[in-house]
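Structure assessment
Residues per chain, in single letters:
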Amino acid sequence: KAGVTQTPRYLIKTRGQQVTLSCSPISGHRSVSWYQQTPGQGLQFLFEYFSETQRNKGNFPGRFSGRQFSNSRSEMNVSTLELGDSALYLCASSLLGGGWNEQFFGPGTRLTVL
Amino acid sequence: EDQVTQSPEALRLQEGESSSLNCSYTVSGLRGLFWYRQDPGKGPEFLFTLYSAGEEKEKERLKATLTKKESFLHITAPKPEDSATYLCAPGMDDKIIFGKGTRLHILP
């Protein structure tokens, strides 16, 4: 069974640009969650999508947005990039989501903002 | 406010030296407690789910236990390949929150 895939794996952008990251969950999983990981803050929850609907959202500015498609693939967009957005962005796939089911993570996208 | 704290932040052990990692949590309505292992530059790898106090799960040299306010990850006779960051994550109805992890380094 294929795992969670994320593209691209590495990205370098400059301040003010925007970026789109992609995540393909495990086949049959309907929930996709996104996290930002930095050395100082650890794993911070961005949002969760389930059946194309945003089900939960973390405490991030509106520059961070996402969507989920009918095949459960998800994209995350960050507009007007800031230096502080440099981080490892992780996508996690879960059968039904919420706090009951284990999440399976992709390898992440390393975003560097210059 | 929902909180999770892991201790110690970092731990260095000699190969074969057993120890325990602690995860203390204060959450409203625990549904599951998850443990992950993360290697540098990679995504976390799922290890265990614990659902109720008293439950234990084992995998190779790792054993996870759960009480009403804490979880422990016991590592027995560790090897250098067990070096990683171990993350604890309590799950509630609508979300999972992650601790900042314990960085474990096993010296050969």
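Residues numbered from 1 in each chain as written. Chains lettered and ligands numbered in written order. Predicted model: local features only at pLDDT ≥ 70, side-chain atom pairs only at ≥ 80, totals over all residues. Heavy atoms only, no water.

1. Comments concerning the overall build of chain B
Keep this limit in mind: The helix count covers DSSP runs of H or I at least four residues long, the strand count covers runs of E at least two residues long, and both are numbered beginning at the N terminus. When accessible area is computed with a 1.4 Å probe and restricted to protein chains, residues below 20% of their type maximum are described as buried, those above 50% as exposed, and intermediate ones as partly exposed. Any pair of residues with heavy atoms lying within 4.5 Å of one another is described as a contacting pair. Here the open area of atoms and residues is found with the Shrake-Rupley method and a 1.4 Å probe, where only the protein chains shown may cover a residue.
Looking only at helices and strands, chain B features zero helices and ten strands. When the helices and strands of chain B are placed in sequence order, the string is β-β-β-β-β-β-β-β-β-β. Out of the 108 residues in chain B, the part that is buried amounts to 47%. Summarising the internal contacts of chain B: among those between residues at least 6 apart in sequence, 54% fall at separations of at least 24. With the model as given, the accessible surface of chain B reaches about 5,400 Å², and the carbon-plus-sulfur share is 47%.

2. Examining the environment of Phe47(A)
Residue and element names in this part refer to chain A. On the secondary structure map, phenylalanine 47 appears in strand β5 (residues 42-50). A relative accessible area of 1% means that phenylalanine 47 is categorised as buried. Separated by 44 residues in the primary sequence, phenylalanine 47 and cysteine 91 have C-alpha atoms spaced 9.9 Å apart. The contacts of phenylalanine 47, once residues within four sequence positions are left out, are Val32, Ser33, Trp34, Gln54, Asn56, Lys57, Gly58, Phe64, Ser65, Gly66 and Met76.

3. A look at the interface of chain A and chain B
Rule in force here: Buried area: the accessible surface (1.4 Å probe) lost by two parts on joining, summed over both. Counted as salt bridges are all cases of a side-chain nitrogen of Lys or Arg within 4 Å of a carboxyl oxygen of Asp or Glu. Residues adjacent in sequence count toward polar contacts only when both atoms are side-chain atoms; beyond that, a polar contact is any pair of N or O atoms within 3.5 Å, and within protein one must be able to donate a hydrogen and the other to accept it.
Between chain A and chain B, the contact holds 21 residues from the first and 21 residues from the second. Regarding the contact of chain A and chain B, the summed buried area is about 1,600 Å², with carbon and sulfur atoms giving 54% of it. Three residues, Gly99(A), Trp100(A) and Glu102(A), lead the burial of chain A against chain B; their summed loss comes to 34% of the area buried on that side. In this structure, the connection of chain A to chain B is made through zero salt bridges. Run the count over chain A and chain B and you get eight residue pairs in polar contact (both at pLDDT 80 or more). Within the residue set of the side of chain A that touches chain B, elements represented by two or more residues are β4 (31-38), β5, β9 (87-94) and β10 (104-105) of chain A.

4. Points about the layout of surface pockets
Our working rule: In this analysis, the protein atoms alone were mapped onto a 1 Å grid. Cavities are point sets where a 1.4 Å probe fits without being able to get out; pockets are open sets with protein on both sides within 12 Å along at least five of seven lines; lining residues have an atom within 4 Å of a point. Grid points are joined across faces, edges and corners, and a volume is the space filled by probe spheres set on the points.
Estimated volume of the largest pocket: approximately 600 Å³. Forming the walls of the largest pocket are 21 residues, and the residues nearest its centre are Leu43(A), Gln44(A), Asp2(B), Ile97(B) and Phe98(B). Of all elements in the fold, only β5 and β6 (53-57) of chain A together with β1 (3-7) of chain B reach the threshold of two or more residues within the lining of the largest pocket. For the lining of the largest pocket, the element with the most residues is β5(A), which contributes four residues. The space that makes up the second largest pocket amounts to roughly 510 Å³.

5. A look at the pairing of strand β7 (residues 62-66) of chain B
All names here are of chain B. Here is the rule: Two strands are said to pair when DSSP picks up at least two bridges between them.
Summarising burial for β7: four of the five residues are buried, a large majority. Sheet topology note: the strand β6 (residues 56-59)/β7 ladder contains four bridges and is antiparallel. Bridge assignment links glutamate 56 to a residue of β7, and that residue is threonine 65. Between the antiparallel neighbours β6 and β7 lie two residues, among them glutamate 60 with a positive phi of about 55°.

6. Regarding empty space enclosed by the protein
The cut-off we apply is this: Three residue categories are used. Nonpolar comprises Ala, Val, Leu, Ile, Met, Phe, Trp, Tyr, Cys and Pro, charged comprises Asp, Glu, Lys and Arg, and polar comprises the others, including Gly.
Counted according to the given criterion, the structure contains one cavity of 30 Å³ or more. Within this model, the largest cavity holds a volume of roughly 40 Å³. Forming the boundary of the largest cavity are Ser33(A), Tyr35(A), Phe45(A), Glu48(A), Asn56(A), Gly98(A), Gln103(A), Asp94(B), Lys95(B) and Ile96(B). Tallied by class, the residues present in the lining of the largest cavity amount to three nonpolar, four polar and three charged.

7. Overview of the sheet that holds strand β9 (residues 84-91) of chain B
Residue and element names in this part refer to chain B. As a reminder, the rule being used: Orientation is described by lines fitted to C-alpha atoms, with helices fitted over the stretch in contact, and by angles between N-to-C directions that extend from 0 to 180 degrees.
Overall, mixed pairing links the five strands, which are arranged β2-β10-β9-β4-β5 in an open sheet. Looking at the sheet topology across the chains shown, the edges are occupied by β2 (10-14) and β5 (45-50). Shown here is a sheet whose adjacent strand axes are inclined to one another by a mean of 25°, direction ignored. Sheet topology places strand β4 (residues 32-38) next to β9; seven bridges connect them, and they run antiparallel. When the sheet's bridge partners are listed, tyrosine 36 is paired in β9 with leucine 87.

Coordinates in, geometry out; function isn't part of it.
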